Amino acid sequence: VSCMAENRLPPGVVYRPVSEEEVGTYPQVSYRFLPKPCMQCDDPPCVPACPYEATWKRKDGIVEIDYALCVGCEKCIPACPYGSRHKDDGYFWTENTPGQGKMPYEGLPVYEWGKKTTRDEEAGPMDKVRKCHFCLHRIERGLLPQCVTTCIGRATYFGDLEDPSSLVAELIKQPNVMRLKEEAGTQPRVYYLV
Ligand code: SF4
Ligand code: SF4
């Protein structure tokens, strides 16, 4: 929810879905929750799928989308094995109400990819493909991603794996670490402690 508020996400666009599944055998059962942001893959198949060079891997590892170059053709969506890309089809949460698109929050600027835009301007996200960016606009200012700061279970960590003194570098040495769909060869940068 905090991710949706931070990035002013419209209906149909979700950057950090959380799936849930029942594990165990009755009566020893519990729920397992799995948040799935963009994995910021080291070898991202979404990038070569784009015919317009509107998406690329940055030097810091984050896979960027330039809304000014994206034409919303959606060719990158099926290329992502994690379902992390969604088209902003221009819907509002106030769809089919008299206030459609007129609520004050609907016109507020977005700060994605380090740029200030409104949703419907040419270089804005409407009619483009969108995805999680690890809250780039926050981490460039020394803040943690919004999902990390608001996780009431304190279940999410963020940091620089190449810094051996970082907490994430320490955590990744544990034996219970896994990544999703390793067989796809994408080298995801999101790790799970199971
Ligand atoms: S939707 Fe945008 S980022 Fe995706 S393939 Fe088309 S132009 Fe590239
Ligand atoms: S998770 Fe999907 S959208 Fe994100 S970098 Fe990997 S292939 Fe691209």
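Refer to the structure presented above.
What you are looking at is a predicted structure, and each value in this text was computed from that prediction instead of being measured.

## Focus on the overall build of the protein
Within the protein, the regular secondary structure consists of four helices and eight strands. What you see in the protein, going N to C, is helices and strands ordered as α-β-β-β-β-β-β-α-α-α-β-β. For 194 residues, the compact-globule formula gives about 16 Å, and the C-alpha radius of gyration of the protein, at 18 Å, lands near that figure. Overall size of the protein, expressed as C-alpha extent along the three principal axes, is 50 × 40 × 35 Å. Among the 194 residues that make up the protein, the fraction classed as buried is 39%. With an accessible surface of roughly 11600 Å², the protein has 55% of that area assigned to carbon and sulfur atoms.

## A word on the nonpolar core
By size, the foremost hydrophobic cluster in this structure holds 26 residues, and its most contacted members are Y15, M39, I65, Y82 and W113. In this structure I65 touches A54, T55, C70, R85, W113, V129, R130 and K131, once residues within four positions along its chain are discounted.

## What about the site of ligand 2?
The local shell around ligand 2 holds 14 residues, among which C38, M39, C41, C46 and C80 are the closest. Across the shell around ligand 2, the residue classes break down as 10 nonpolar, two polar and two charged.

## Quick word on a nonpolar patch on the surface
A surface patch of nonpolar side chains, amounting to about 410 Å² of accessible area, comprises W93, M103, Y105 and L108. Position of Y105 among the secondary structure elements: in the loop between β5 (86-87) and β6 (129-130). Accessibility expressed as a relative area gives 40% for Y105, which makes it partly exposed.

What counts and how
- Residues numbered from 1 in each chain as written.
- Chains lettered and ligands numbered in written order.
- Predicted model: local features only at pLDDT ≥ 70, side-chain atom pairs only at ≥ 80, totals over all residues.
- Heavy atoms only, no water.
- Helix = DSSP H or I, 4+ residues; strand = E, 2+ residues; numbered from the N terminus.
- Rg over C-alpha atoms; globule rule 2.2 N^0.38 Å.
- Buried < 20%, exposed > 50% of the residue type's maximum accessible area, 1.4 Å probe, protein only.
- Areas by Shrake-Rupley, 256 points an atom, 1.4 Å probe, with all protein chains shown as cover.
- Core = buried A, V, L, I, M, F, W, Y, C linked by side-chain atoms within 4.5 Å.
- Contact = heavy atoms within 4.5 Å.
- Near = heavy atom within 4 Å.
- Nonpolar A, V, L, I, M, F, W, Y, C, P; charged D, E, K, R; others polar.
- Patch = residues over 30% accessible without salt bridge, like charges linked within 9 Å, V, L, I, M, F, W, Y side chains within 5 Å.
- Salt bridge = Lys/Arg side-chain N within 4 Å of Asp/Glu carboxyl O.

These results come straight from atomic positions and should not be treated as a statement about function.
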